[in-house]
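Breakdown of the fold
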Protein chains: 2
Amino acid sequence: MGSLDSNPASFDAFAADAEGFQPLNADDVRSYLHKSVDFIYDYYKSVETMPVLPGVEPGYLSQLLQSAPPNAAAPFDIAMKELREAVVPGMTHWASPNFFAFFPATNSAAAIAGELIASAMNTVGFTWQANPAATEMEVLALDWLAQLLRLPNSFMNRTSAGRGTGGGVILGTTSEAMLVTLVAARDAALRRSGSNGVAGITRLTVYAADQTHSTFFKACRLAGFDPANIRSVPTGAETDYALDPAKLLEIMQADVDAGLVPTYICATVGTTSSNAVDPVGAIADVAARFKAWVHVDAAYAGSACICSEFRHHLNGVERVDSISMSPHKWLMTCLDCTCLWVRDTHRLTDSLETNPEYLKNDASDSGTVTDLKDMQVGVGRRFRGLKLWMVMRTYGASRLQEHIRSDVAMAKMFEESVRADDRFEVVVPRNFALVCFRIKPRAGMTEEATEAANRELMERLNRTGKAYLAHTVVGGKFVLRFAVGSSLQEERHVRSAWELIRKKTTEIMSGEVSVQ
Amino acid sequence: MGSLDSNPASFDAFAADAEGFQPLNADDVRSYLHKSVDFIYDYYKSVETMPVLPGVEPGYLSQLLQSAPPNAAAPFDIAMKELREAVVPGMTHWASPNFFAFFPATNSAAAIAGELIASAMNTVGFTWQANPAATEMEVLALDWLAQLLRLPNSFMNRTSAGRGTGGGVILGTTSEAMLVTLVAARDAALRRSGSNGVAGITRLTVYAADQTHSTFFKACRLAGFDPANIRSVPTGAETDYALDPAKLLEIMQADVDAGLVPTYICATVGTTSSNAVDPVGAIADVAARFKAWVHVDAAYAGSACICSEFRHHLNGVERVDSISMSPHKWLMTCLDCTCLWVRDTHRLTDSLETNPEYLKNDASDSGTVTDLKDMQVGVGRRFRGLKLWMVMRTYGASRLQEHIRSDVAMAKMFEESVRADDRFEVVVPRNFALVCFRIKPRAGMTEEATEAANRELMERLNRTGKAYLAHTVVGGKFVLRFAVGSSLQEERHVRSAWELIRKKTTEIMSGEVSVQ
């Protein structure tokens, strides 16, 4: 962007126009950012008092903001005013310490700072050459996190012995991690089964427990797998809703007997619904019989595995093909940041590599560098490693572990409170910082009536604006999910939420109308 | 994150621990961000003096930073020091006004501020309920931009007549926009052709000019299309490397005659290589004969179409199925921000919708809201609309148009200078702010010698650190790409680059050794 607004006929006619539009004028950048920082400071100081879930109706924002883009420029303060007055009141405040829904999107000062700097540098590191520092920082951050997770060396880009065959990439979502590994596994299975082009795709089968995130089944369809060949393996209370390897083996063998080609298994460590943990090692053993790719989705609970007491959930990971987890969930790194590691990066890049003329360069040709575009769906990419590295550099393993343990301790407290009140039950064992509980059916209460009472409880709680909980259905039971860990959360918020739950439950049981 | 570091046995044992780790402590956030803003201010003030392309070797960063993550926490200043001393010297500076490679990643104060606020709020608006304001802001920003581009009402979410059938979503990359529309088109074609599951996929064909970005061909493979059915239509100088509709028709008809099912055509407005413009309307007419989906990829040049003098490049867009463009390229919005509009959102959501129990809510059930997760690969998503809205709200159409016109004027100046020096030639007509030029073959010079001279010129230029240009091959010719528009760029930078090009060319022609 220059400062020209006419078409001079030659360079001689160029003249510095100090009045021209300078979108990155350093003083403006500083001024806008200082205003933004003030806003953020106020927001964090006051978000606790705002209703977690807003009471707005669909279409509310179009009532408040103009429906057409303005022609004229306006002071930045106008946008900030509209942000305060129109946007904030319509937000679901994930940053609120009273947010207990879904999984928390944890965050930290270091992460936000890292993302800000990345936004300002605004590089596009598709190849190593397009930004060596960004590529190497991402590789380093992934190697660091691999060490915190005690992943085997085979998943690391660089070990004390030099450059390895493994490595990773930071993606936007777990879904993308699933998609790119599914495509790699698909192509390998097509080659293995002697398919003519993609003709053999109708014979490829994929597997996951019925508790696996719905996005897995979507990713399979995106990659072209036949919906009829996507196996959702039933789970039950007997395994706490984890995948049963014996059942998996049986289904895979039946598929092979029917002439199908088992291609990919997704194992989840910490399911979204109830935090079930699929047995990674046993699944890898089953998969090995069929040469199927095993991916471990540890989006949420992977973060906990930086603590020794949780690391056993990843036992057997040395025998899987890929693993992903999302620091944007539980490792204090703002969205988006999903880390994917693969044991053999060539198995990914064989399917994902492109080599257009305009991106050719000596470094790529030399084969000594990583071009991260070849491990993701797209080409363009932000400076993704910076914020994750800043989080680890600033807080160190000790603070990160303290953060996980603190959340788990608060969840444990909550769980004990639920267990101590005989109106409630904890529906599945708590593994991490998610407690799945419900109002227990009293004598003579049907499952429908129990669900109605719990649904009523959730709705009454959420309407107060003082807490936001989501639900799930596990084993046919409607269950409330209480997810601890929003980054501004302290014990007092958990305690207040529990008091609110007790109060609303008493109201419901006594037939009282909610008075907020 | 609370402040617990032990496991008290009950709530009674909870005690506020002011010393506990608070990752989002408002004072820390403010302090870290102020330091980051100071860094950014200095960076923008000094980036002009830094080598655009760093002279580092692969693996350089691992020599400078520790290879294992620290256990102890460290002051944020340590991370900032390492950023300054280890990271910055290894960066390719896309923000440098001397950056002329690829396409510029334009940026602005308003965009960075918007992204910062989004990072701090850190919401995950997968459904409307999960953040009504974020969903509605994204819809509004897309409707605003659709108006700036004069897209037909059919692509808008909300018109003066109420909610329409069209709409959009903000994605991370053009590749994702291609992928999700390819999948929607694929599924529609499978249904249309009576396929049993995905068995019919081997009959589906897709089309694009040979100048189309390589990521299109990759997206086709990700979606499971048979590599043998991906048609790369040859182009030549006679159409300035744009897709020839007559040739397209011929190829599509031949495919139909062979029993294949034409499914999808990608038309590009402003190719990456040379900014060729495929004729949108004529392609839509051809596609209509075969019921094939037409997607317009206007990643770079779409931004120019907010100016009346460039809008004609989108003529016929009312007859296509989808269009995407990336404000992170040329509309002063930091990465990542790719806007996708579709004429019938149901055609996308039919393929991409998921409905797991834990995301069910009354608003979604009512059918009156948009759940943006159903228009993208993943589930999680940032508050993507905020920065784009802030850019339009703050700069208005007038400043945005001024920005485009200024870049184009600078490119025109550069082009005229090239044309005025008879050692050079402009290889394809300039359409926007990209000039494709080369040292002209002198009498008796072979094509190989010409390429060698131009390659030498590029390498000498890039080694100076005072300019960074990339290349391409068009019609068998090795060509230098001079892309104007980095957001700190002024005429003087373009002029200096041109002087440098002349000087290096003189050196090469006189056989001098580069002294840089």
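Since the structure is predicted, the reported quantities are computational estimates derived from the model, not experimental observations.

**Notes on the overall build of chain A**
Scanning chain A for helices and strands turns up 15 helices and 13 strands. For chain A, the C-alpha radius of gyration of 26 Å lies close to 24 Å, the compact-globule estimate for 516 residues. Along the three orthogonal principal directions, the C-alpha set of chain A runs to about 90 × 65 × 45 Å. Buried positions account for 68% of the 516 residues belonging to chain A. Pairs at least 24 residues apart make up 73% of the contacts formed inside chain A by residues separated by at least 6 positions. Within the structure as shown, chain A displays about 16,100 Å² of accessible surface, and the carbon and sulfur contribution to it stands at 49%.

**Concerning the domain arrangement of chain A**
How big an interface is tends to be stated in terms of accessible area lost as the parts join. Residue and element names in this part refer to chain A. Partitioning chain A into domains gives domain 1 (123-383) and domain 2 (394-509). Measuring from the centre of the C-alpha atoms in domain 1 to the corresponding centre in domain 2 gives 31 Å. Each side of the interface is counted separately: domain 1 has 23 residues, and domain 2 has 21 residues. Three residues, Ser-273, Trp-330 and Met-332, lead the burial of domain 1 against domain 2; their summed loss comes to 30% of the area buried on that side.

**Looking at the sheet that holds strand β6 (residues 261-268) of chain A**
Residue and element names in this part refer to chain A. Ordered in space as β3-β9-β8-β7-β6-β4-β5, the seven strands form an open sheet in which the pairing is mixed. Looking along the sheet, the strands with just one partner apiece sit at the ends: β3 (167-171) and β5 (230-233). On average, each strand axis in the sheet is tilted by 20° relative to the strand beside it, whichever way the strands run. In this structure, strand β4 (residues 204-209) lies alongside β5, joined through four bridges in parallel fashion.

**Describing the packing of helix α3 (residues 76-87) of chain A against helix α4 (residues 109-121) of chain B**
Between α3 of chain A and α4 of chain B, whose axes approach to 11 Å, the crossing angle comes to 25°. Of the possible angle classes, the one that applies to α3 of chain A and α4 of chain B is roughly parallel. With respect to the hand of their crossing, α3 of chain A and α4 of chain B are arranged in right-handed fashion. For the pair formed by α3 of chain A and α4 of chain B, the contact residues are Phe-76, Met-80 and Leu-83 of chain A on the first element and Ala-110, Ala-113, Ile-117 and Met-121 of chain B on the second.

**Here we look at the relation of the copies chain A and chain B**
In screw terms, the move from chain A to chain B is a rotation of 180° and a rise of 0.0 Å along the axis, fitting with an RMSD of 0.0 Å. Given the turn and translation reported, the copies of this chain are related as if by a two-fold rotation axis. Mapped onto chain B, 100% of the interface residues of chain A again fall at the interface, so both copies present the same surface.

**Here we look at the packing of aromatic side chains**
Under the defined criterion, the tally for this structure stands at 48 aromatic pairs over all chains. Ring geometry for Trp-94 of chain A against Phe-102 of chain A: centres 5.4 Å apart, planes inclined by 15°, an arrangement best described as stacked. The positively charged end of Arg-30 of chain B is found above the aromatic ring belonging to Tyr-41 of chain A, 3.8 Å away from the centroid. The ring centre of Phe-103 of chain B lies 5.0 Å from the NZ or CZ of Arg-481 of chain B, which sits over that ring.

**Regarding the pattern of salt bridges**
Should the charged atoms of two oppositely charged side chains come close, the side chains can pair. Going through the model one piece at a time under the given rule, you end up with 70 salt bridges over all chains. As a salt-bridge pair, Glu-507 of chain A and Lys-504 of chain A come within 3.5 Å of each other at their nearest N and O atoms. Here Lys-504 of chain A and Glu-507 of chain A lie together in helix α15 (residues 491-509), a separation of three residues that amounts to about one turn. With respect to burial, Glu-507 of chain A and Lys-504 of chain A carry one shared label: buried. Across the pair Arg-186 of chain B and Asp-187 of chain B runs a salt bridge, and its minimum N-O distance is 3.0 Å. Residue Arg-186 of chain B shares its accessibility class with Asp-187 of chain B, and that shared class is buried. Here the residues in one salt-bridge network are Glu-115, Asp-336, Arg-382, Arg-384 and Lys-387 of chain A together with Glu-115, Asp-336, Arg-382, Arg-384 and Lys-387 of chain B, joined through shared partners.

**Section: the nonpolar core**
The biggest cluster of nonpolar side chains holds 290 residues, and the ones touching the most others in it are Tyr-44, Trp-341 and Phe-482 of chain A together with Tyr-44, Trp-341 and Phe-482 of chain B. Residues Ala-177 and Val-342 of chain A together with Val-198 and Ala-208 of chain B belong to the second largest nonpolar core, which totals 72 residues.

**Quick look at the sheet that holds strand β13 (residues 477-483) of chain A**
Residues and elements named next belong to chain A. Within the open sheet, the four strands sit side by side as β10-β11-β13-β12. Their pairing is antiparallel. Two strands close off the open sheet at either side, each with one partner strand: β10 (424-426) and β12 (470-474). Ignoring which end each strand starts from, the neighbouring axes of this sheet average 40° apart. Sheet analysis places strand β11 (residues 434-439) next to β13, joined by four bridges and oriented antiparallel. Within β13, the position partnered with Leu-434 by the bridge is Ala-483. Contacting β10, β11 and β13, helix α13 (residues 385-420) runs over the sheet at an angle of about 20° to β11.

**Re the environment of Asp-407 of chain A**
Residues and elements named next belong to chain A. Within the secondary structure, Asp-407 is located in helix α13. The class of Asp-407 is buried, set by a relative accessible area of 0%. With 79 residues separating them along the chain, Asp-407 and Ser-486 place their C-alpha atoms 8.8 Å apart. Polar side-chain contacts of Asp-407 include one of 2.8 Å to the side chain of Trp-330.

**A word on the UniProt feature "modified residue: N6-(pyridoxal phosphate)lysine" (unreviewed entry) in chain A**
Within the UniProt annotation, "modified residue: N6-(pyridoxal phosphate)lysine" (unreviewed entry) is assigned to Lys-329 of chain A. Each residue touching Lys-329 of chain A, except ones within four places of it in the same chain, is listed here: Phe-103, Pro-104, Ala-105, Thr-106, Ala-299 and Tyr-300 of chain A.

**Things to note about the side chain of Arg-423 of chain B**
Take Arg-423 of chain B: it is sitting in the loop between α13 (385-420) and β10 (424-426). At 2.8 Å, the side chain of Arg-423 of chain B forms a polar contact with the side chain of Thr-506 of chain B.

What counts, and where the lines are drawn
Residues numbered from 1 in each chain as written. Chains lettered and ligands numbered in written order. Predicted model: local features only at pLDDT ≥ 70, side-chain atom pairs only at ≥ 80, totals over all residues. Heavy atoms only, no water. Helix = DSSP H or I, 4+ residues; strand = E, 2+ residues; numbered from the N terminus. Rg over C-alpha atoms; globule rule 2.2 N^0.38 Å. Buried < 20%, exposed > 50% of the residue type's maximum accessible area, 1.4 Å probe, protein only. Contact = heavy atoms within 4.5 Å. Areas by Shrake-Rupley, 256 points an atom, 1.4 Å probe, with all protein chains shown as cover. Domains from an automatic or database assignment. Buried area = accessible area lost by both parts, 1.4 Å probe. Pairing = 2+ DSSP bridges. Axes fitted to C-alpha atoms, helices over the stretch in contact; angles between N-to-C directions. Parallel < 35°, antiparallel > 145°, perpendicular 65-115°, else oblique. Left-handed = near helix turned anticlockwise from the far one by under 90°. Least-squares fit on C-alpha atoms with pLDDT ≥ 70 in both. Phe/Tyr/Trp six-rings, centres within 6.5 Å; stacked < 30°, edge-to-face > 60°. Lys NZ or Arg CZ within 6 Å of the ring centre and 35° of its normal. Salt bridge = Lys/Arg side-chain N within 4 Å of Asp/Glu carboxyl O. Core = buried A, V, L, I, M, F, W, Y, C linked by side-chain atoms within 4.5 Å. Polar contact = N/O pair within 3.5 Å; in protein donor to acceptor, adjacent residues only side chain to side chain. UniProt positions renumbered as here; feature names shortened; annotations may be inferred.

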